[in-house]
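# An overview of the molecular structure
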Amino acid sequence: MGSTDSKLNFRKAVIQLTTKTQPVEATDDAFWDQFWADTSTTVQDVFALVPAAEIRAVREESPSNLATLCYKAVEKLVQGAESGCPTEKERQAVLNCARVLSRVLPYIFEDQDWRGFFWSTVPGAGRAGTDELDEDDGARPLAESLLLAVADLLFCPDFTVHSHRRGPDSVESMQSIDSCEYIWEAGVGFAQSPPLNYIHDLNRTEILRLLLTCFSEAMYLPPSSDSSVTNPWVTFFCSTENRHALPLFTSLLNVVCAYDPVGYGIPYNHLLFSDYREQLVEQAVQILIVTLEHDGGLPHRPPSPSSIEEQESTGPENLFVNYLSRIHREEDFDFVLKGLARLLNNPLTQTYLPHSTKKIQFHQELLVLFWKLCDFNKKFLFFVLKSSDVLDMLVPILYYLNDARADQSRVGLMHIGVFILLLLSGERNFGVRLNKPYSVHVPMDIPVFTGTHADLLIVVFHKIITTGHQRLQPLFDCLLTIIVNVSPYLKSLSMVAANKLLHLLEAFSTTWFLFSAAQNHHLVFFLLEAFNNIIQYQFDGNCNLVYAIIRKRNVFHQLANLPSDAASIQKALQRKRKSPDVISRTSSQETVSMEGSHPAVPAEPGTLKTSLVAIPGIDKLTEKSQVSEDGTMVSVPKTDPQPTEQSAAAGTSDTESNSGRDNEDVFYTEAEMERRRRSSASSTSLWAPTPDWVLSWKCKLPLQTIMRLLQVLVPQVEKICIDKGLTDESEILKFLQHGTLVGLLPVPHPILIRKYQPNAGTAMWFRTYMWGVIYLRNVDPPIWYDTDVRLFEIQRM
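What this report covers is the structure whose coordinates are included nearby. These figures come from a predicted structure and were not determined experimentally. (Residues numbered from 1 in each chain as written. Predicted model: local features only at pLDDT ≥ 70, side-chain atom pairs only at ≥ 80, totals over all residues. Heavy atoms only, no water.)

This part takes up the overall build of the protein. Of regular secondary structure, the protein possesses 35 helices and seven strands. When each of the 797 residues of the protein is scored for burial, the buried share is 56%. For the protein, the share of sequence-separated contacts (at least 6 apart) that also reach a separation of at least 24 residues comes to 80%. Per element, the accessible surface of the protein, about 33500 Å² overall, is 54% carbon and sulfur. (Helix = DSSP H or I, 4+ residues; strand = E, 2+ residues; numbered from the N terminus. Buried < 20%, exposed > 50% of the residue type's maximum accessible area, 1.4 Å probe, protein only. Contact = heavy atoms within 4.5 Å. Areas by Shrake-Rupley, 256 points an atom, 1.4 Å probe, with all protein chains shown as cover.)

Here is the structure:
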């Protein structure tokens, strides 16, 4: 039978299924086998031959046929898992069932009345009100049978794993297989690297695609802040019911972290043959980030006892999270970190031949995986920060942030990058590591500078704030918090970075900016705090910053003399309407950018994007800790909120909840925020600056240290210039370098660090973000396209 004939047969079966008004009996194997008998269909064929309209028609018109199709497909998978798929014919049938189910499942999830179907037991399949103790597999809900079969199929010798058979007639029974001996790749907890077999890779990818589709029920529920809502598919699959949980978790993690897209280093090899390993790695990392969801997404604090037995009893229910939080060997951490860094740096590698190395596309999933590793495994986080290897993660993150800043469709990527840096910046070691000189020169359109990784971070953040799009404003607080967190440890900022920080202060302290929103003055507070930290703790190496502060001293004087009377406030706001956005006006010296760089471009028209829920304000994202004399952290009780956070009922931006009100439990998608903004112009008119309001925070501006510094140094610098007729910067810098302010400055204030803290708001944000990424990345076949997804909205740019 030619492949066109068989496709016709498959299509005929689909048409029969939709047109038969009478239910087809489950026993009619001749009919049902048409769906999986063919040996030449591909997943693309199945998607083309089973149109969405027809699946919906069967669901509405002949529901029992759809139910039987699902039941028969699962039955076939269960049989394949039990027999171990010894023949080619059985393997093809299993793959076809997986394809049919991947096609149909989203249409079952989108209909509320069908959602419970997979969690009910199939009538006549064993459990008919029988004895509860009946251990018969037939008594399981369909979803459980399906998930257990999928787990078995991922360790089927000669189908998805390399066979260990000794002789020609010895058979490996699926029941007695120890799947821990069949882990897919060497790495964490496993030393042998099985031979590469692209057929196994292809088969694993198809089975994992079905697994991901099962988990995707989450896409069809609206975002909710109820942290007890769990995904039943993930909960069951990652429970002790799944005997393959450990080897599968290990296989997925190792396959991802061992992958090297450059392969054997032959240029263009990715154009000569399709890389099946890449597809497998993509599916693997997507399965990992979806399964590593905390029970109900609650903040997770892993137990600390050293013995694993004690941890078994207290560890999380989700075994994948449990295993991840218990990795502890240095060589395992090294393998994981090096693997993630290799993959994240892959798109940055510049080669002399354009397109000569394969560029991976799954960096967003890798960032989510890195986030989950740091969040669930504190030992891993400390390992990352122990050496300068953390910079191999920092540089690609800054590259992606810089690259995506003008593209509205990549606002989620901007958030995850910033969240990771916020998490890292809460640890002292991160600030210390930033002092390492930056010499790699990744192609980025940023000003050329000679300096450290701290300079790179500041220059990129400045670029995001001054040339990113409107929707990034909620991230300004986070970006400046990161700078404040690392500031006490920065030994010597370059002149370029020092000027960038002062340019930000200048932009944020204009009167119209300060008076135009209730929260804007916080940005000035953050910058002043960063300057104070550097002056108090790192004065000696920072003559460039001190010089920049002296040159821009009028900005500080204007802040100290900020007018607060009603007339001045009105005048400032009038000026706002006339003046262009001061933030994006950058100095002309910016034209020198790095060689090989491309400026950030906005999204191409027609690009799809998924909406995100609001992120909590910075005061919800972080908790304050004070660094005491001996370097330990003490958390600061939440008594004194940041100045007037309580009055911050001004209109929120599209990805930010008001940090003033406790509305973390209200989630709006961006489209909803947009509607609210349009419907009530009053959201902005709710709030207007008053003289009292200005005075309430103006008196708290931490200007003492800088004013004292200016008072002491400005006359000295002016004197040198007059005495020596100097106009040369280098002489002044040399003087400042040897100057000292010992005993002249106010007593150093304690260092305040704002550490990221997990909360329901960010847990929900991560869920919508990661499913949005998975939705947009699975286009061939388009698993969820055009189905009624509710976790986010899909918008065309």
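Once that is clear, we can look at the packing of aromatic side chains. Two numbers describe a pair of aromatic rings. These are the distance of the centres and the angle of the planes. Enumeration over the complete set of coordinates arrives at 37 aromatic pairs. Plain terms: the ring middles of Phe31 and Trp32 are 4.9 Å apart, the flat faces sit at 80 degrees to each other, and that makes the pair edge-to-face. Accessibility assignment for this pair places Phe31 and Trp32 in one class, buried. Their ring planes at 20 degrees and their centres at 4.9 Å tell us that Tyr198 and Tyr276 sit as a pair that is stacked. Pair noted here: Tyr198 is in helix α8 (residues 198-215) and Tyr276 is in helix α12 (residues 276-291), with a separation of 78 residues, a long-range link. Residue classification places Tyr198 among the partly exposed positions, given a relative accessible area of 48%. Across from the ring centre of Phe31, 4.9 Å away, lies the NZ or CZ of Lys20, which sits over that ring. (Phe/Tyr/Trp six-rings, centres within 6.5 Å; stacked < 30°, edge-to-face > 60°. Lys NZ or Arg CZ within 6 Å of the ring centre and 35° of its normal.)

This paragraph deals with the nonpolar core. By size, the foremost hydrophobic cluster in this structure holds 251 residues, and its most contacted members are Phe118, Leu421 and Trp771. The biggest single contributor to this core is helix α6 (residues 88-109), with twelve residues. Mapped onto the domain boundaries, this core takes at least three residues apiece from domain 1 (1-122 + 140-150) and domain 2 (387-607 + 622-635 + 702-756). (Core = buried A, V, L, I, M, F, W, Y, C linked by side-chain atoms within 4.5 Å. Domains from an automatic or database assignment.)

The geometry of helix α15 (residues 330-345) relative to helix α18 (residues 390-404) is characterised by a closest axis approach of 9 Å and an angle of 30 degrees between their N-to-C directions. In this view, α15 runs roughly parallel relative to α18, as classed from their interaxial angle. Crossing of α15 against α18: the hand is left-handed. Facing Leu337, Leu340, Ala341, Leu344 and Asn345 of α15, the residues of α18 in contact are Asp392, Met393, Pro396 and Tyr400. Looking at the contact of α15 with α18 residue by residue, the classes come out as seven nonpolar, one polar and one charged. (Axes fitted to C-alpha atoms, helices over the stretch in contact; angles between N-to-C directions. Parallel < 35°, antiparallel > 145°, perpendicular 65-115°, else oblique. Left-handed = near helix turned anticlockwise from the far one by under 90°. Nonpolar A, V, L, I, M, F, W, Y, C, P; charged D, E, K, R; others polar.)

Along the chain, Tyr399 turns up in helix α18. By relative accessible area, Tyr399 is classed as buried at 15%. Distance in space between the C-alpha atoms of Tyr399 and Pro443 is 8.4 Å, their sequence separation being 44 residues. Setting aside residues no more than four positions away along its own chain, Tyr399 makes contact with Pro347, Leu348, Val442, Pro443 and Met444.

Okay, the sheet that holds strand β6 (residues 751-756) next. Sheet architecture is open: three strands sit in the order β5-β4-β6, paired in antiparallel fashion. Edge positions in the sheet fall to β5 (633-635) and β6, since each has one partner strand and no second. Going from strand to strand, the sheet's axes swing by 40 degrees on average, the running direction of each strand aside. Bridge count for strand β4 (residues 622-627) against β5 is three bridges, and the pairing is antiparallel. Within the sheet, the bridge partner assigned to Ser625 lies in β5 and is Ser635. (Pairing = 2+ DSSP bridges.)

With that out of the way, let us pick up helix α35 (residues 760-777). Here α35 is 18 residues long and its end C-alpha atoms lie 26 Å apart, about the 26 Å a rise of 1.5 Å per residue gives. The element α35 is largely enclosed, with a buried count of 15 among its 18 residues. (Expected span 1.5 Å × (residues − 1).)

Scanning the model with the defined rule gives 34 salt bridges in all. Here Arg56 makes a salt bridge to Glu110, at a shortest N to O gap of 2.7 Å. Separated by 54 residues along the polypeptide, Arg56 in helix α4 (residues 52-61) and Glu110 in the loop between α6 and α7 (142-153) bring together distant segments of the chain. The exposure class assigned to Arg56 is partly exposed, which follows from its relative accessible area of 27%. (Salt bridge = Lys/Arg side-chain N within 4 Å of Asp/Glu carboxyl O.)

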